[in-house]
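Next come the chains, spelled out residue by residue.
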Amino acid sequence: MSDKKNNLHISRRQFISTAGMAGAALFMSGLLPGLVKKAYGKKISKGKSIANAENIKDVLKKHFGNRKIENSHVNLKLPIIAENGAVVPIKITSGLPMEKNNYVKKVFIFVDANIHPYVASFDLSPANGKPDVSMRIKMRKTSNVRVVLETNKGKLYGAMKSVKVTIGGCGG
Amino acid sequence: MPKGIGRIKIRVPRNITKGAVIPIKALITHPMETGFRKNKKTGKKIPAYYINDVNVYYGDKLITHCDWTIAVSANPFMSFYIKADKAAPLKMVWKDIKGGVYEKTVQIQPK
């Protein structure tokens, strides 16, 4: 009986001490991020606003002027969540014809949040038979991926999809 | 030049019927450095080194041209389609910004 009592006593003591530790840990954890932020505040803000980053709107305007991009005829296959931003597979398919006088001339890929949103372009010809391409791209962080197809008649077709990135892929 | 850069694999379907639209897959070994990354030991920036130009010739005609930037993943993979209407070599040429030219030719033999 006395043994049990002793046990209980110790466990209660232990409980109090562990509870105290937990409380202290909580307090510290609440304090720590603030301290870290204070110490590295300058660095964090510097990383967020990169001076020569381009805006997606300006880039689109530079490539297409004021021409309207129709959101149809383009299918985009992208992962919803990309574990690694350095390798994001992208697959573009489209039912647009590839005939002699009516074909897709160019395929553009843009990523909004990259420092240079323009990623790649493909110049196709009727000899391709299909305006479908796929490749792997880098993404700095979670953002939209846009694809624009330009036909030889000057029409623009586009598609957009959001990809969540857990580890960025542009370094720096 | 570091070892292993410019190794190329091109995959073409085994049985090709004449006039069919066939997929071509190509892979090249290349670091595709962005120029933003830092060497963790020395703290120095690693200079940009990437492929910016890809040309695909079917026979003697240029059928596809690609304009790439730093945002293409390392060891770039690309796949596209061609219309196999003649027996001719398919030549792919990659060019990087330091003047490296890598090329490989495969034979397209429709039955």
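To be clear, the structure that these remarks concern was listed above.
Before going into details, it helps to say that this report is about the structure given with it. Since the model is a prediction, treat every value here as computed from it, not as a measurement.

### Focus on the overall build of chain B
So, point 1. Counting its regular elements, chain B contains 0 helices and 7 strands.
So, point 2. Along chain B, from the amino end to the carboxyl end, the secondary structure elements read β-β-β-β-β-β-β.
So, point 3. In chain B, which comprises 111 residues, the share counted as buried stands at 27%.

### A word on the overall build of chain A
So, point 1. Counting secondary structure elements, chain A contains 2 helices and 9 strands.
So, point 2. What you see in chain A, going N to C, is helices and strands ordered as α-α-β-β-β-β-β-β-β-β-β.
So, point 3. Within the span of chain A, comprising 172 residues, buried residues form 26% of the whole.
So, point 4. Sequence separation of 24 or more characterises 69% of the internal contacts of chain A that already satisfy a separation of 6 or more.

### Examining the interface of chain A and chain B
So, point 1. Taken together, the contacts link 27 residues of chain A with 26 residues of chain B.
So, point 2. Breaking the side of chain A that touches chain B down by element, the ones donating at least two residues are β6 (118-123) and β7 (133-137) of chain A.
So, point 3. Per element, the largest residue contribution to the side of chain A that touches chain B is 6 residues, and it comes from β6 of chain A.
So, point 4. Grouping the amino acids of the side of chain A that touches chain B by side-chain chemistry returns 13 nonpolar, 9 polar and 5 charged.
So, point 5. Where β7 of chain A lies against strand β5 (residues 77-84) of chain B, 2 bridges are found, and the strand directions are antiparallel. Counterpart to S134 of chain A in the pairing with β5 of chain B is S79 of chain B.

### Considerations on the pairing of strand β5 (residues 104-111) of chain A
All names here are of chain A.
So, point 1. The buried fraction of β5 amounts to 6 of the 8 residues, a majority that puts the element mostly inside the structure.
So, point 2. Where β5 and strand β8 (residues 143-151) come together, 7 bridges link them in antiparallel fashion. Paired with V107 across the bridge in β8 is L149.
So, point 3. A loop of 6 residues connects β5 with β6, the two strands running antiparallel in sequence.

Thresholds applied
Residues numbered from 1 in each chain as written. Chains lettered and ligands numbered in written order. Predicted model: local features only at pLDDT ≥ 70, side-chain atom pairs only at ≥ 80, totals over all residues. Helix = DSSP H or I, 4+ residues; strand = E, 2+ residues; numbered from the N terminus. Buried ≥ 20, exposed ≤ 12 C-beta atoms within 10 Å, placed from the backbone. Contact = placed C-beta atoms within 7 Å. Nonpolar A, V, L, I, M, F, W, Y, C, P; charged D, E, K, R; others polar. Pairing = 2+ DSSP bridges.

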